[in-house]
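Each chain is listed here by its residues.
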Amino acid sequence: MATRKGARSTAPHGADSHDVIRVHGARENNLKDVSIEIPKRRLTVFTGVSGSGKSSLVFNTIAAESQRLINETYSTFVQGFMPTLARPEVDVLDGLTTVITVDQQRMGADPRSTVGTATDAHAMLRILFSRLGKPHIGPPSAYSFNTASVRASGGITVERGAARTKTVKATFQRTGGMCTRCEGRGKVSDIDLTQLYDDSKSLAEGAFTIPGWKSDSQWTVQLYAQSGFVDPDKPIRRYTKKEMQAFLYGEPTKIKVNGINLTYEGLIPKIQKSFLSKDKESMQPHIRAFVERAVTFTVCPECDGTRLSEGARSSKIKRISIADACAMEIRDLAEWVRGLKEPSVAPLLASLQRTLDSFVEIGLGYLSLDRPAGTLSGGEAQRVKMIRHLGSSLTDVTYVFDEPTIGLHPHDIQRMNDLLLRLRDKGNTVLVVEHKPEAIAIADHVVDLGPGAGTAGGTVCFEGTVEELRAGDTITGRHLDDRAALKESVRTPSGTLEIRGATANNLRDVDVDIPLGALVVVTGVAGSGKSSLVHGSIPAGEPVVSVDQTPIRGSRRSNPATYTGLLDPIRKAFAKVNGVKPALFSANSEGACPTCNGAGVIYTDLAMMAGVATPCEDCEGKRFQAEVLEYHLGGRDISEVLAMSVTEAEEFFGSGEAATPAAHKILERLTDVGLGYLTLGQPLTTLSGGERQRLKLATHMGDKGGVYVLDEPTTGLHLADVEQLLGLLDRLVDSGKSVIVIEHHQAVMAHADWIIDLGPGAGHDGGKVVFEGTPAKLVADRSTLTGEHLAAYVGA
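Given the structure is predicted, the values throughout are model-derived calculations rather than measurements. (Residues numbered from 1 in each chain as written. Predicted model: local features only at pLDDT ≥ 70, side-chain atom pairs only at ≥ 80, totals over all residues. Heavy atoms only, no water.)

Draft legend 1. Examining the overall build of the chain more closely. Looking only at helices and strands, one finds 28 helices and 27 strands in the chain. Its C-alpha radius of gyration of 30 Å places the chain within 12% of the 28 Å reference for a compact globule of 796 residues. When the backbone C-alpha atoms are referred to their principal axes, the chain occupies close to 100 × 80 × 70 Å. Here the chain, with 796 residues, has 50% of them falling under the buried criterion. Long-range contacts, defined as pairs at least 24 residues apart, comprise 66% of the intrachain contacts of the chain with a sequence gap of at least 6. Element-wise, carbon and sulfur atoms account for 50% of the exposed surface of the chain, whose accessible area totals about 36,800 Å². Distance between charge centres in the chain, computed from 88 positive and 95 negative side chains, equals 8 Å. (Helix = DSSP H or I, 4+ residues; strand = E, 2+ residues; numbered from the N terminus. Rg over C-alpha atoms; globule rule 2.2 N^0.38 Å. Buried < 20%, exposed > 50% of the residue type's maximum accessible area, 1.4 Å probe, protein only. Contact = heavy atoms within 4.5 Å. Areas by Shrake-Rupley, 256 points an atom, 1.4 Å probe, with all protein chains shown as cover. Lys, Arg positive; Asp, Glu negative; His and termini not counted. Charge placed at Lys NZ, Arg CZ, Asp CG, Glu CD.)

Draft legend 2. Region of interest: the sheet that holds strand E20 (residues 519–524). One open sheet holds the six strands; their spatial order is E21-E24-E25-E20-E26-E27, and the pairing between them is mixed. In the strand order of this sheet, the two ends are held by strand E21 (544–547) and strand E27 (768–773), each with one partner. Shown here is a sheet whose adjacent strand axes are inclined to one another by a mean of 15 degrees, direction ignored. Here five bridges tie strand E26 (residues 754–759) to E27, and the two strands are oriented antiparallel to one another. Note on E27: the bridge partner recorded for isoleucine 755 is glycine 773. Contacting E20, strand E24 (707–711) and strand E25 (738–742), helix H25 (residues 719–734) crosses the sheet at an angle of about 145 degrees to E25. (Pairing = 2+ DSSP bridges. Axes fitted to C-alpha atoms, helices over the stretch in contact; angles between N-to-C directions.)

Draft legend 3. Summary view of the pairing of E24. Of all the five residues making up E24, five are buried; the element is thus mostly covered by neighbouring parts of the structure. Residues Val707, Val709 and Asp711 point to one face of E24 and Tyr708 and Leu710 to the other, with burial holding for every one of them. In the sheet, E24 pairs with E25 via five bridges, with the strands oriented parallel. Bridge pairing links valine 707 to serine 738 in E25. The parallel pair E24 and E25 is bridged by H25, and the resulting crossover is right-handed. (Right-handed = clockwise from strand over helix to strand, strands pointing away.)

Draft legend 4. Here's a closer look at a negative patch on the surface. A cluster of acidic residues, Asp16, Asp19, Glu37 and Glu463, forms a negative patch on the protein surface. Along the chain, aspartate 19 falls in the segment before strand E1 (20–26). For aspartate 19, a relative accessible area of 39% puts it in the partly exposed group. (Patch = residues over 30% accessible without salt bridge, like charges linked within 9 Å, V, L, I, M, F, W, Y side chains within 5 Å. Salt bridge = Lys/Arg side-chain N within 4 Å of Asp/Glu carboxyl O.)

Draft legend 5. Here's a closer look at the pattern of salt bridges. For the structure shown, the criterion picks out 31 salt bridges. Taking the shortest distance from any N to any O, the salt bridge between aspartate 781 and lysine 777 comes out at 3.1 Å. Taken as a pair, aspartate 781 and lysine 777 lie in helix H27 (residues 775–781) at a separation of four residues, close to a single helical turn. Taking the relative accessible area as the measure of exposure, lysine 777 reaches 43% and is therefore partly exposed. When salt bridges that share partners are traced, they join Lys487, Arg491, Asp730, Asp734 and Asp753 into one network.

Draft legend 6. Here's a closer look at the environment of isoleucine 62. In this structure, isoleucine 62 sits in helix H1 (residues 54–71). For isoleucine 62, a relative accessible area of 0% gives the class buried. On a C-alpha basis, the gap between isoleucine 62 and aspartate 94 in space is 9.7 Å, while along the polypeptide they are 32 residues apart. For isoleucine 62, the contacting residues outside a window of four places in its chain are Val23, Ile38, Leu57, Leu93, Leu96, Val99 and Leu431.

Draft legend 7. Fine view of unusual backbone geometry. The linkage connecting glycine 450 with the following residue, proline 451, adopts the cis geometry, with an omega of 0 degrees. Among the secondary structure elements, proline 451 is positioned in the loop between strand E16 (445–450) and strand E17 (459–464). Despite not being glycine, aspartate 33 shows a phi value in the positive range, around 50 degrees. Here aspartate 33 is to be found in the loop between E1 and strand E2 (34–39). Phi is positive for asparagine 597, which is not a glycine, with a value near 55 degrees. Take asparagine 597: its relative accessible area is 52%, and that puts it in the exposed class.

Draft legend 8. Representation of helix H20 (residues 567–578) in the model. Helix length check: H20 (twelve residues) gives 16 Å between terminal C-alpha atoms against 16 Å at 1.5 Å per residue, within 8%. On its buried face, H20 sits against helix H19 (560–563), helix H21 (638–642) and helix H23 (661–672). (Expected span 1.5 Å × (residues − 1).)

Draft legend 9. Summary view of the packing of aromatic side chains. The tally for this structure, following the rule as stated, stands at 13 aromatic pairs. Ring plane angle 20 degrees and centroid distance 6.3 Å describe the contact between phenylalanine 129 and tryptophan 336, whose orientation is recorded as stacked. Of this pair, phenylalanine 129 sits in helix H4 (residues 121–132) while tryptophan 336 sits in helix H11 (residues 330–338), placing them 207 residues apart in sequence. Overall, phenylalanine 129 belongs to the buried group, its relative accessible area being 0%. Centroid distance tyrosine 399 to phenylalanine 401: 6.4 Å. Interplanar angle 20 degrees. Geometry classified as stacked. Judged by its relative accessible area of 1%, tyrosine 399 is buried. Note on phenylalanine 401: relative accessible area 1%, which makes it buried. A connected cluster of aromatic rings, assembled from ring pairs, spans Tyr197, Phe208, Tyr224, Phe229, Tyr239, Phe247 and Tyr264. Stacked on the ring of phenylalanine 145, the Lys or Arg arginine 307 has its end atom at 5.0 Å from the ring centre. (Phe/Tyr/Trp six-rings, centres within 6.5 Å; stacked < 30°, edge-to-face > 60°. Lys NZ or Arg CZ within 6 Å of the ring centre and 35° of its normal.)

As structure tokens, this is what we get:
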């Protein structure tokens, strides 16, 4: 029947039927044909043990496909300048909206990147000073520490037709704000020569102390000994001034060594190219330790660490230079900007004010704009990325967060929850990968993946509300209400590590004794000074093994076996049994398949479209030459060994013909941190954040040192995994080590022998020790924010 004119139809509109994101047949990484419907305009939390497939579903499938489809709306010319994305392994993806990803990847560790440059705040300040600064020194570039001053003049040829070509004189000048001494880095590096060689010895006597340079037959050593620039039989301390200049700073020169053409260059540039130009985290542990010993960084004496030229520092607004403004805590800078009343730059001031207020609102008011971006924790970096989205007017967007509560004290988690709910209430779909019970509690919908990690995961174990999850029989449901109890008895310290007069960053002349031979937890709200106390104030020379939050970087050729150094004893074992060179058993060296160069796949570049990777037909993806696979150890070839899980390999190298104690020891450590399910040859690029953190911990467990410093080891860990971590920490302490943990997780606090609580607030409101003692005393006193939250957690 036709509706009466003017009457509203009660039939649902077709556009209102698209209220779910439908995923069917997702197979990315370890996902096993996952099919799921996610409600739109709701807050959905994805849980599951580390490595269960959460990121594969949310980031590598839903977010990746949304980004790929958006990129396809641009012309092929524009797409040529954009990253190429392959379509995820999934049969159907319906109902996608534009995805904004806010992940926990650290911000670039480039020394030139700061909080200000990463958030547009510094760009707006530069414009402000170029308009209002007195004296006026130039355009915004004159206040940029990344822009050098340039002057050039000369003749240029102007072509205006065949008969009218002429040369005219042109002058170009650009004023930059970069300090010429440190080139805008704020620090100058110095190489400690005593770590490179023993000057009492000659080159022939093995003077070099650089890793890998000790053998007389080593090519690099021979290069210096036979260069003709120095006497190889004379102790280095007796070199003439000319010899020392050539030895340390010689320009690249072609020379012949044993009839072979080689390039000689001074030791300092050689070290800079060989070691300092590489990412420290990708180095083997002994090389990393050498670099940390040999290179020292000191504050630039010319700019006093501000990175800016004298001209940029001289220009001021109300007696404040741009260097002063960037050094202020952001909440103080926001007040200073609020006091500027200048109609000519009113829109700029309003925009800058909004950005700075967003920092304060999100709990990062204690940062300063000159803070190097690489020093931010994963949680801080994620919240910095959130800033540009807080005031956005966009709706019906899908926001994807990767553990937004990382690095947050329980006191700060509520604020983060409020921000997530605010984004949802504006009509957006919010997808959150999370482990913390406090963050799971606010979900409208929960998706639990598992049941295990790696190949034992990749299926949806549960979908529903938080209450239904609690009642369900999944690992997450069973552990959701877990509460670690306070220890009945704590360990007696075997000594103390004294810190006196600590003033790093915001610390206020802190004196503290850290007990040794115990599990010590350093806690406090974000920005209270925990890392400054532990990483920045422990006296030099202490045997400290530090496992911080810097991410593992590795290419698709890197895997757990190469990163942990496990492959070295395995290669040597294969070489010894078969009587051949160890290099044959490396897919990055002589044993590599020549067709795919040891990658196992052939990559075909398709310009603006995603490249295609096809398995190598010659080696069938095994990465090695056929003749290398004929050599066996314990009945297995090298490709079969790399395909083993850690658990399987631990058994294989533990006894019998293949028994290799050095390899077995590393495999035991990997099992201890709960990575028994990883395969030895699995690319590092496929590991989750929690898996990478534990891989790094396993690597450092082999380092020699009596004191272990762990920076938030629960990052990326499921509730069930935290229990295993506590067992590992206990084993470390019981073996005679001292363990200092910077941590917010109440389960770790409750399990500690001693707690040091910093605060009471963040930034200049923190920097003091507000409590020292046992967890039981902290709960009984309830004198700090941490004490209140820990008391509520243990039900006291």
